[in-house]
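# Architecture and fold: a report
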Amino acid sequence: MRFADIEDRIQKAADRAGRDRKDITLIAVSKKQPQPRVDAVVRLGHMDFGENQVQPAVARWGGGDGKRTPETANNCLHLIGPLQRNKVRTALTLFDVVHTLDRLSLAQRLAHFRDEEGFEIPPLFVQVNTGEEPQKAGVIPAELPDFLEAAREKLGLRVVGLMAIPPVHEPAALHFGLLRSLAETHGLGQLSMGMSADFETAIELGATHVRVGSEIFGARPEAGG
Ligand SMILES: *Cc1c(COP(=O)(O)O)cnc(C)c1O
């Protein structure tokens, strides 16, 4: 069973780093996976799941009111993909944690929903574009201090940590290390980093949340295939 293997690997990585397994959350990234594979992991009692798009997440996890179905109401659902302006309301209704606070306009929009409509804002990770890649979302490291000041002090948002997706062709460890030092500088305790290819490295470098998809569920089928 793949899932048991992942658990074992997480525990070993935690042991190597002298860390407590309980300080690491495994987010099973169910995006684009066939429902039976996801159901199987839900049935194992696993609690944390990740989706990268709002609409497919609603289709999978939402009931008629856009909130979670009774069967999955106790699961913890993490948004790990970009959040567009027109999907904020839906996302706030469905998700328990948002890993992709990546721009000031989104921070302002979240504060607006809190202030004007009484939405509770979930714990937030700021996505950092550690590789400064133009096509990638996230705040670049040089702009992080101002961004955090605006999000936390001015807008009063609850930022719990930082999240990054390292560039594909660079050693992930460099980016994990950078993210960790940025979090330390800003007093942030949580680090969302590490995917199927590198979650053990991420744990050794301090990840509190690893986002693992294909190593748990198998390769994602091509859309329509
Ligand atoms: C898809 C995705 C993952 C999981 O990727 P795998 O390589 O399948 O583990 C993790 N994080 C983000 C942001 C993703 O979009």
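Before any of the text, the structure's been laid out above.
Remember, predicted model here, so these are calculated numbers, not experimental data.

## What about the site of the ligand?
Neighbouring residues of the ligand: Val29, Lys31, Ile80, Met163, Ile165, Met195, Ser196, Arg211, Val212, Gly213, Ser214 and Arg220. Within the side chain of Lys31, an N or O atom sits 2.7 Å from an oxygen atom of the ligand. The contact in question runs from an oxygen atom of the ligand to an N or O atom on the side chain of Arg220, over 2.7 Å. For the ligand, the protein covers 89% of the area, taking 390 Å² as the surface of the free molecule.

## Focus on the side chain of His186
You can see His186 is positioned in the loop between α7 (172–185) and β7 (190–192). Residues within four places of His186 in sequence aside, it is in contact with Leu144, Pro145, Leu148 and Arg152.

## Some remarks on the pairing of strand β5 (residues 124–127)
With burial as the criterion, each face of β5 is covered, one bearing Leu124 and Val126 and the other bearing Phe125 and Gln127. Where strand β4 (residues 97–101) lies against β5, two bridges are found, and the strand directions are parallel. Its bridge partner being in β5, Val98 is matched across the sheet by Leu124. This β-α-β element, β4 to helix α5 (residues 104–117) to β5, shows right-handed connectivity. Here β5 pairs with strand β6 (residues 159–163) via four bridges, running parallel. Residue pairing in the sheet places Phe125 in a bridge with Gly161 of β6. For the handedness criterion, the β-α-β arrangement of β5, helix α6 (residues 144–154) and β6 is classed as right-handed.

## So, the pairing of strand β8 (residues 209–212)
On β8, burial covers both faces: His209 and Arg211 on one face and Val210 and Val212 on the other are all buried. Relative to β8, strand β1 (residues 25–29) is paired through four bridges, and the arrangement is parallel. In the sheet register, Ala28 faces β8, and the bridge partner there is Val212.

## Some thoughts on the packing of aromatic side chains
Within the structure shown, the criterion is met by two aromatic pairs. Where Phe49 meets Trp61, the ring centres are 5.0 Å apart and the plane angle is 45°; that geometry is what we call tilted. A residue pair is termed long-range when its members are at least 10 positions apart, and Phe49 in strand β2 (residues 48–51) and Trp61 in helix α3 (residues 54–61) qualify at twelve residues. Exposure class is identical for Phe49 and Trp61. Each is buried. Ring geometry for Phe113 against Phe119: centres 5.5 Å apart, planes inclined by 75°, an arrangement best described as edge-to-face. By the burial criterion, Phe113 is buried, and Phe119 matches it.

## Looking at the layout of surface pockets
Unfilled space is identified by rolling a water-sized probe across the atoms. Estimates place the volume of the largest pocket at around 340 Å³. Along its surface, the largest pocket is lined by 20 residues, and Lys31, Ile80, Ile165, Met195 and Arg211 are the ones closest to its centre. Residue composition of the lining of the largest pocket, by class: nine nonpolar, seven polar and four charged. Lining of the second largest pocket is provided by Glu133, Gln135, Lys136, Ile165, Pro166, Pro167, Val168, Glu170, Ala172, Met195 and Asp198. Of the residues that constitute the lining of the second largest pocket, the class distribution is six nonpolar, one polar and four charged.

Criteria and thresholds
- Residues numbered from 1 in each chain as written.
- Predicted model: local features only at pLDDT ≥ 70, side-chain atom pairs only at ≥ 80, totals over all residues.
- Heavy atoms only, no water.
- Near = heavy atom within 4 Å.
- Polar contact = N/O pair within 3.5 Å; in protein donor to acceptor, adjacent residues only side chain to side chain.
- Areas by Shrake-Rupley, 256 points an atom, 1.4 Å probe, with all protein chains shown as cover.
- Helix = DSSP H or I, 4+ residues; strand = E, 2+ residues; numbered from the N terminus.
- Contact = heavy atoms within 4.5 Å.
- Buried < 20%, exposed > 50% of the residue type's maximum accessible area, 1.4 Å probe, protein only.
- Pairing = 2+ DSSP bridges.
- Right-handed = clockwise from strand over helix to strand, strands pointing away.
- Phe/Tyr/Trp six-rings, centres within 6.5 Å; stacked < 30°, edge-to-face > 60°.
- 1 Å grid on protein atoms, 1.4 Å probe; cavity = no way out; pocket = protein on both sides within 12 Å on 5 of 7 lines; lining within 4 Å.
- Points joined across faces, edges and corners; volume = space filled by probe spheres on them.
- Nonpolar A, V, L, I, M, F, W, Y, C, P; charged D, E, K, R; others polar.

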